[in-house]
Amino acid sequence: MSTTLPAFYRATGGSAPVASPGATSGVDWERRVDFDRLRAERLAKARAELERSHLGALILFDMNNIRYVTATHIGNWARDKFFRCALLMRGQDPILWDIGSAARTHQMFAPWFGKDNWRAGLSTWRGAVPENVGIEAGNARRLANLLREHGLADEPVGVDVVELPVLRALEREGLRVEDGNSLMLDARSVKTADEIALLDHSAALVDGAYDELYRALRPGIRENDCVALVSRFLYENGSEEVEAVNSISGERCSPHPHVFSDRIIRPGDTAYFDIIHSYNGYRTCYYRTLNVGSANSAQRDAYKRAREYMDNAIAEVRPGASSADLVRHFPAAGEFGFATEEEAFGLQYCHGIGLGLWERPLMSRYHSLEHPIELVEGMVFAIETYWPTPDGSAAARIEEELVVTADGCRLLTRFPADQLYVAGTRYWTGVELPANGAGR
């Protein structure tokens, strides 16, 4: 009897397989998501990219990059504050400076590095503490001294994102600062088996949210009611953060406003939704389009066009395929009412997902025909398509997430999207019978 694993269960990058993809609760009778392995493999990938580069070290301020190399998290409220800082030097474990109480917590409950690797630190909280206090200068001196201690001060240092006063302080210490974010995006572009399992589970939560939404959608419900319903379902089922729920209906569908309102959904409306959340840090970007009560021929035709673009692009996905192979199936900007590909960007494109919402690979007609990249097994990305009705009264928006497998791809998003589905009340018409009852 063959013991070859089905493609669904196979791992990438030499990792052992995940027995129940998407099942993350711990059990003693099979291997599921292995968080120790997840931490080790992510750090190993970042270290390997650093070794291949000309950089001596990385200074990281981006929350997703910090989580990738340190496996620490203090809540998404900290995402845009830039007060956490990690230093990854060649041949060394990362050092993280965090809020003092968070550093103490890491020392107690994050034993994968030594206690000295978790350190209390202070920033200006995006300038709330004035520059003349000297925090930027002190932090730059601390980082530079560590680089000197390890013989790396003369090597270029990569930084992912940085505030201007912090950059100037690093330069005053004599450090040659270069881009480090590109290196981290390369490290994160191919997912491990555990990352894929977490992305799969994250998408599964949205499958359930769409089922709840389908059953609740009806005339009289508002766009913001839909946002509340989805957010509650996700949080009750383990979501770490509901980053956004786009809820767009009726005439608001074209052009796409990218934000929900309090518009009341009416009979015959098209409504599309994008559910963006994270589970253990791993995100979704997952559109679905539904009609409410009924659908006319123009709405159905718009959906059919968006689905054809989607299916033709998916058919190209396999290791070794080019991003140009995918985007050539998308319509040119002028075909759906935009003057340039820059104006149409974000409506027909692909983007990587992982700890971040937009990772590599990112593919579009704007740049991929002239600057193609090669698809690799283990990449995970979303494909988004869009098509408006001729009069602009509605539009279809579809998105699928997929993982590149050895022989093609596998969808992570499973809520039905093969055709335009109608939710809400069904309106039936009666047939008047002849007086003599004939035809009964």
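Conventions used here
Residues numbered from 1 in each chain as written. Predicted model: local features only at pLDDT ≥ 70, side-chain atom pairs only at ≥ 80, totals over all residues. Heavy atoms only, no water. Pairing = 2+ DSSP bridges. Helix = DSSP H or I, 4+ residues; strand = E, 2+ residues; numbered from the N terminus. Axes fitted to C-alpha atoms, helices over the stretch in contact; angles between N-to-C directions. Core = buried A, V, L, I, M, F, W, Y, C linked by side-chain atoms within 4.5 Å. Buried < 20%, exposed > 50% of the residue type's maximum accessible area, 1.4 Å probe, protein only. Contact = heavy atoms within 4.5 Å. Parallel < 35°, antiparallel > 145°, perpendicular 65-115°, else oblique. Left-handed = near helix turned anticlockwise from the far one by under 90°. Nonpolar A, V, L, I, M, F, W, Y, C, P; charged D, E, K, R; others polar. Lys, Arg positive; Asp, Glu negative; His and termini not counted. Salt bridge = Lys/Arg side-chain N within 4 Å of Asp/Glu carboxyl O. 1 Å grid on protein atoms, 1.4 Å probe; cavity = no way out; pocket = protein on both sides within 12 Å on 5 of 7 lines; lining within 4 Å. Points joined across faces, edges and corners; volume = space filled by probe spheres on them. Expected span 1.5 Å × (residues − 1). Arc of directions from axis to C-beta.

Peer 1: Is there a simple way to think about the sheet that holds strand 4 (residues 118-120) in this case?
Peer 2: To summarise the sheet geometry, strands pair through backbone hydrogen bonds and adopt either a parallel or an antiparallel arrangement. Taken together, the six strands give an open sheet; going across it, the order is 4-3-2-1-5-6, and neighbouring strands pair in mixed fashion. Across the chains shown, the open sheet's two edge strands, defined by having one partner strand only, are strand 4 and strand 6 (177-179). In this sheet, adjacent strand axes meet at a mean angle of 25° when their direction is disregarded. Note: strand 5 (residues 157-159) against strand 6, three bridges, orientation parallel.

Peer 1: Honestly, the nonpolar core in this entry has me stumped. Any pointers?
Peer 2: What tends to happen in soluble globular proteins is that the nonpolar side chains get buried as a cluster. Counting 60 residues, the largest nonpolar core has Leu-58, Val-69, Met-184, Tyr-210, Leu-217, Leu-234 and Ile-275 as its most contacted members. For this core, the leading source of residues is helix 7 (residues 193-216), giving 11 residues. Those residues in contact with Val-69 that lie beyond four places of it in its chain are Leu-43, Ala-46, Leu-60, Leu-88, Pro-94, Phe-113 and Met-184. Of all hydrophobic cores here, the second largest spans 35 residues; its members include Tyr-287, Ala-306, Met-379 and Ile-398.

Peer 1: Can you walk me through helix 6 (residues 181-188) in this structure?
Peer 2: Three or four residues apart is the spacing at which side chains of an α-helix point the same way, because the helix has 3.6 residues per turn. Buried within helix 6 are the following residues: Leu-183, Met-184, Leu-185, Ala-187 and Arg-188. In the core, the buried residues of helix 6 are packed alongside helix 1 (35-52), strand 1 (57-60), helix 2 (63-70) and strand 12 (359-364).

Peer 1: Is there a simple way to explain the packing of helix 2 against helix 6 in this structure?
Peer 2: Between two packed helices, the angle of one axis relative to the other and the distance separating the axes together describe the packing. The N-to-C vectors of helix 2 and helix 6 enclose an angle of 55°; their axes lie 11 Å apart at closest approach. Between helix 2 and helix 6, the crossing angle belongs to the class labelled oblique. Crossing handedness for the pair helix 2 and helix 6: left-handed. Contact with helix 2, carried on its side by Asn-64, Asn-65, Tyr-68 and Val-69, involves Asn-181, Met-184, Ala-187 and Arg-188 of helix 6 and no other residues of that element. Broken down by class, the residue content of the contact of helix 2 with helix 6 amounts to four nonpolar, three polar and one charged.

Peer 1: What is the right way to read the side chain of Glu-399 from this model?
Peer 2: Relative to the elements of secondary structure, Glu-399 occurs in strand 14 (residues 395-405). Notably, Glu-399 is buried but unbridged: the nearest opposite-charge side chain belongs to Arg-397, and the N-O separation is 6.3 Å. Beyond its immediate sequence surroundings of up to four residues, Glu-399 is in contact with Asp-274, Cys-285, Tyr-286, Tyr-287, Arg-288, Met-310, His-351, Ala-382, Ile-383, Glu-384 and Thr-413.

Peer 1: Help me out: how do you make sense of the sheet that holds strand 15 (residues 408-411) in this one?
Peer 2: One open sheet holds the five strands; their spatial order is 12-11-13-14-15, and the pairing between them is antiparallel. Strand pairing shows two members of the sheet lacking a second neighbour, strand 12 and strand 15, which therefore form its edges. When the angles between neighbouring strand axes are averaged without regard to direction, this sheet yields 25°. In the sheet, strand 13 (residues 380-388) pairs with strand 14 via nine bridges, with the strands oriented antiparallel. Bridging from a neighbouring strand, Ala-382 pairs with Glu-401 of strand 14.

Peer 1: Before we go on, may I ask you to explain the layout of surface pockets in this structure?
Peer 2: Any space left empty among the atoms is revealed by the rolling of a water-sized probe across them. Here the largest pocket is characterised by a volume of approximately 290 Å³. Lining the largest pocket are 16 residues, and of these Arg-39, Arg-67, Ala-71, Thr-72 and His-73 lie nearest its centre. Contributions of two or more residues to the lining of the largest pocket are made by helix 1 and helix 3 (100-109). Sorting elements by how many residues they give to the lining of the largest pocket places helix 1 first, with four residues. The volume enclosed by the second largest pocket comes to roughly 220 Å³. Every residue lining the second largest pocket is counted, 14 residues in all, and those nearest its centre are Asp-62, Asn-64, Gly-356, Leu-357 and Trp-358. If you tally residues by element for the lining of the second largest pocket, the top one is helix 6, at three residues. Of the residues belonging to the lining of the second largest pocket, the class tally is four nonpolar, four polar and six charged.

Peer 1: Looking at this structure, how should I read helix 8 (residues 223-236)?
Peer 2: Across its 14 residues, helix 8 extends 20 Å between first and last C-alpha, which sits within 8% of the 20 Å expected from 1.5 Å per residue. For helix 8, every residue scored as buried is listed here: Glu-223, Cys-226, Val-227, Val-230, Ser-231, Phe-233 and Leu-234. With its buried residues spanning 165° around the axis, helix 8 presents them on a single face. The exposed set on the far side of helix 8, more than 90 degrees from its buried face, consists of Arg-232 and Glu-236. Looking at the buried side of helix 8, the elements it contacts are helix 7, strand 7 (241-249) and strand 8 (270-279). Positive backbone phi, approximately 105°, marks Gly-238, located one or two places after helix 8.

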